Amino acid sequence: MVDEQLHAQFLANKIVALGGEPTTEPRPVQAAETNLEMVEAVLEAEGRATLDYTERAKQAEEFGDKGLAVQLEDMVRDESGHSEETERILRDWPL
Ligand SMILES: [Fe+2]
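Along each chain, the written sequence defines residue order, and numbers are assigned to residues from 1. Local features in this predicted model are restricted to residues of pLDDT 70 or higher, and side-chain atom pairs are both shown and tallied only at a pLDDT of 80 or more, whereas totals for entire chains, interfaces and linings draw on every residue.

Concerning the overall build of the chain
Next, step 1: By the criteria applied, helices consist of DSSP H or I runs no shorter than four residues and strands consist of E runs no shorter than two, each listed in order from the N terminus. If you tally the helices and strands in the chain, you get three helices and zero strands.
Next, step 2: Going from N to C terminus, the chain has its helices and strands arranged as α-α-α.
Next, step 3: In terms of overall dimensions, the chain has C-alpha extents of about 45 × 25 × 20 Å along its principal axes.
Next, step 4: Evaluated residue by residue, the chain yields a buried proportion of 9% over its 95 residues.
Next, step 5: Put simply, 56% of the contacts in the chain that link residues at least 6 apart link residues at least 24 apart. As a rule, residues whose C-beta atom has 12 or fewer other C-beta atoms within 10 Å are exposed, those with 20 or more are buried, and those in between are partly exposed; C-beta atoms are placed from the backbone. By definition, residues are in contact whenever their C-beta atoms, placed on the basis of the backbone, come within 7 Å of each other.

With respect to unusual backbone geometry
Next, step 1: Along the chain, Trp93 connects to Pro94 via a cis peptide bond; the corresponding omega equals -5 degrees.
Next, step 2: Inspection of the secondary structure assignment puts Pro94 in the segment after helix H3 (66-91).

Observations concerning the environment of Leu43
Next, step 1: Locating Leu43 in the fold gives a position in helix H2 (residues 35-63).
Next, step 2: Looking at Leu43, the number of C-beta atoms within 10 Å reads 17, which means it is partly exposed.
Next, step 3: With 40 residues separating them in the primary sequence, Leu43 and Ser83 have C-alpha atoms 5.7 Å apart.
Next, step 4: When neighbours within four sequence positions are excluded, Leu43 is seen to be in contact with Ser83, Thr86, Glu87 and Leu90.

Concerning the confidence of the model for the chain
Next, step 1: Confidence in the prediction of the chain, expressed as mean pLDDT, is 95, and 100% of residues score 70 or more.
Next, step 2: The quantity known as pLDDT measures the predictor's confidence residue by residue, on a range of 0 to 100. Ranking the elements of the chain by mean pLDDT puts helix H1 (residues 2-17) last, at 95, and H3 first, at 98.

Let's talk about H3
Next, step 1: The terminal C-alpha atoms of H3, which comprises 26 residues, lie 37 Å apart, in line with the 38 Å expected from a rise of 1.5 Å per residue.
Next, step 2: Inspection of H3 places Leu68, Leu72, Met75, Glu79 and His82 among the buried residues, and these make up the whole buried set.
Next, step 3: Buried residues along H3 sit in contact with H1 and H2. For a helix, the expected span equals 1.5 Å multiplied by the residue count minus one.

Focus: H1
Next, step 1: Helix length check: H1, at 16 residues, gives a terminal C-alpha distance of 23 Å against a target of 22 Å (1.5 Å per residue), a fit within 8%.
Next, step 2: Positive backbone phi, approximately 95 degrees, marks Gly19, located one or two places after H1.

Some points on the environment of Glu79
Next, step 1: By the secondary structure assignment, Glu79 is in helix H3.
Next, step 2: Expressed as a C-alpha distance, the spacing of Glu79 and Gly47, which sit 32 residues apart in the sequence, is 7.3 Å.
Next, step 3: In this view, Glu79 contacts Glu46, Ala49, Thr50 and Tyr53; residues no more than four positions away in its chain are not counted.

Overview of the nonpolar core
Next, step 1: Any set of buried Ala, Val, Leu, Ile, Met, Phe, Trp, Tyr and Cys residues joined through C-beta atoms within 7 Å is what this text calls a nonpolar core. Residues Ala49, Tyr53, Ala60, Leu68, Leu72 and Met75 constitute the largest nonpolar core, which totals six residues.
Next, step 2: When residues of this core are traced back to their parent elements, those giving at least two are H2 and H3.
Next, step 3: Beyond its immediate stretch of four places on either side in the chain, Leu68 contacts Lys14 and Ala60.

What follows is the structure, given as structure tokens:
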């Protein structure tokens, strides 16, 4: 959660620095009826974030912004770690 806030803050500042306007609308959150469904949705969201940041890092590299590419790769590392943590929780389910 802290990682995601830092990611969002960095990206918002970068978008402004590039002359854009960051969105204030988060991606929709999938509804869950049980704790298990909620953790499964977390795993899906972490995986999606990993893929999205991987793609953005590639685009930043192609754009020639190495600093941004490295920062995005750090985000990939964070989100991959979150995925692994969530997978461990699901493997031990029920807790
Ligand atoms: Fe995450």
